[in-house]
Amino acid sequence: MLERMGMALMRRMDPETAHGLALKALTMGLAPLPGVVTSDRLRTTVAGLNLPNPVGLAAGFDKNATALAPLSRAGFGFIEVGAATPRPQPGNPKPRLFRLTEDRAAINRFGFNNDGMEAIATRLATRPKGAVVGLNLGANKDSADRSADFARVLTCCGAHVDFATVNVSSPNTENLRDLQGKAALEALLAGVMEARAGLAVPIPVFLKIAPDLDPSEIKDIAEVALGSGLSGIIATNTTKSRAGLRSAHKGEMGGLSGEPLFEMSTRVLARLSHLTEGKLPLIGVGGVGSAEQAYAKIRAGASAVQLYTALVYGGLSLAAQIAHGLETLLARDGFETVADAVGTGRSDWL
Ligand SMILES: Cc1cc2nc3c(=O)[nH]c(=O)nc-3n(C[C@H](O)[C@H](O)[C@H](O)COP(=O)(O)O)c2cc1C
């Protein structure tokens, strides 16, 4: 009830202001938090990470790692903060976040606004124990060597997180997505894997990809991923597509997230699952707003899922709701564990 009232109020505000307030409310203890949501069926292991449930918070919600303690008790099985870049940067001019209410979607063009890796590392160093926390790695807009930025952030913050994600798929830093090309990606990942090897405890490293890739680009990425020692792939980031939208803000520049991204991102996920033949754990993200959609991503090939935009419309309590709903769906179909269901519906998406 309290959550619904708060959300109705926030929906009248500018979206970025509302998001800042939501984070503040969280850190002040104003949001009801369910704690850890888990069961024998939901507990799962992804790239060596032991997750209480497979429903994660996607990158970008807590860019500066300021709400780690409450988010750790919000019902998510894992949390990804960031993106962090080596140096702090302000991002693009405001407004840069738009609600597309009729489409249950959002468009953002933040452009990696963040406090920089050192400030973020300091916060991560005092994070609550127990929760699985990862960091989204980004590059500075004006960097002379963007590829090297990913490795620098990993070296700086790697000791304080359980996993890291190389984000070469944000549409809001010009030309960043070019780093998804085969040669550039190989070189970039070699640097990141070297930084990973230099950590006292090497952590899993994921690659996050865009949904706007054609089949041959997806094939190249699968090959590079398998050959590079990556721990897994997160599919996908936001899209540049605007197909089928109805909302007033549909013409804004930036990346589209939420419901309209669901099908597109699930197809990329299924294709990757097919190409990597289950050898590489995949995390499915894009348009997840219900237990049915989380379950569909798992059956398309995801070992775990993440969400962000649906929280804008459904509130933070959605995390626990989806995890509980997933338990019911797995039980209904006779799956003892999440892992048993992974990829069982892949052919529907190919
Ligand atoms: C406001 C906003 C900021 C985001 N920032 C990042 C980011 O810094 N790094 C990243 O990898 N993805 C970022 N994303 C993408 C999300 O992590 C996710 O991949 C995408 O929104 C699709 O999931 P969704 O439909 O559940 O939102 C951002 C998304 C939104 C809406």
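Here's a quick rundown of the structure. Treat the numbers as computed from the prediction; the structure is a model and nothing was measured.

1. Digging into the side chain of S247
- By the secondary structure assignment, S247 is in the loop between β10 (232–235) and β11 (255–258).
- The class for S247 is buried, based on a relative accessible area of 2%.
- With sequence-adjacent residues up to four places away left out, S247 is seen in contact with L100, T101, E102 and D103.

2. What about the environment of E252?
- Locating E252 in the fold gives a position in the loop between β10 and β11.
- Distance from E252 to G181, taken between C-alpha atoms, is 26 Å for residues 71 residues apart in sequence.
- Setting aside anything within four residues of it in sequence, one finds E252 in contact with F98, I107, R109 and R242.
- Of note is the side chain of E252, whose polar atom sits 3.0 Å from the side chain of R109.

3. Notes on the site of the ligand
- Around the ligand sit 24 residues in total, of which A59, K208, G258, G287 and T309 are the nearest.
- In the environment of the ligand, an oxygen atom lies 2.8 Å from a nitrogen or oxygen atom belonging to the side chain of K208.
- Between Y308 and the ligand, the recorded distance is 3.0 Å, taken from a backbone N or O atom to an oxygen atom.
- Within the complex, the protein chains bury 97% of what would otherwise be the 610 Å² of accessible surface of the ligand.

4. Looking at the sheet that holds β11
- On the basis of which strands lie adjacent, the open sheet formed by three strands has the order β5-β6-β11 and antiparallel pairing. The outermost strands of the open sheet, each flanked by one partner alone, are β5 (97–100) and β11. Put simply, the sheet's adjacent strands are angled 25° from each other on average, direction ignored.
- When β5 meets strand β6 (residues 105–108), the two strands line up antiparallel, connected through four bridges. In the strand pairing of β6, F98 is matched with I107.

5. Topic: the pairing of strand β8 (residues 163–167)
- Along β8, five of the five residues are buried, which leaves the element largely enclosed by surrounding structure.
- Side chains of β8 alternate between two faces, with F163, T165 and N167 and A164 and V166 buried alike.
- As defined by bridge partners, strand β7 (residues 133–137) adjoins β8 across four bridges and the pair is classed as parallel. Bridged to N136 within β8 is T165.
- Of the crossover connections in this fold, the one passing from β7 over helix α5 (residues 146–157) to the parallel β8 is right-handed.
- Of the pairings in the sheet, the one linking β8 to strand β9 (residues 205–209) comprises four bridges and is parallel in character.

Rules used in this analysis
Residues numbered from 1 in each chain as written. Predicted model: local features only at pLDDT ≥ 70, side-chain atom pairs only at ≥ 80, totals over all residues. Heavy atoms only, no water. Helix = DSSP H or I, 4+ residues; strand = E, 2+ residues; numbered from the N terminus. Buried < 20%, exposed > 50% of the residue type's maximum accessible area, 1.4 Å probe, protein only. Contact = heavy atoms within 4.5 Å. Polar contact = N/O pair within 3.5 Å; in protein donor to acceptor, adjacent residues only side chain to side chain. Near = heavy atom within 4 Å. Areas by Shrake-Rupley, 256 points an atom, 1.4 Å probe, with all protein chains shown as cover. Pairing = 2+ DSSP bridges. Axes fitted to C-alpha atoms, helices over the stretch in contact; angles between N-to-C directions. Right-handed = clockwise from strand over helix to strand, strands pointing away.

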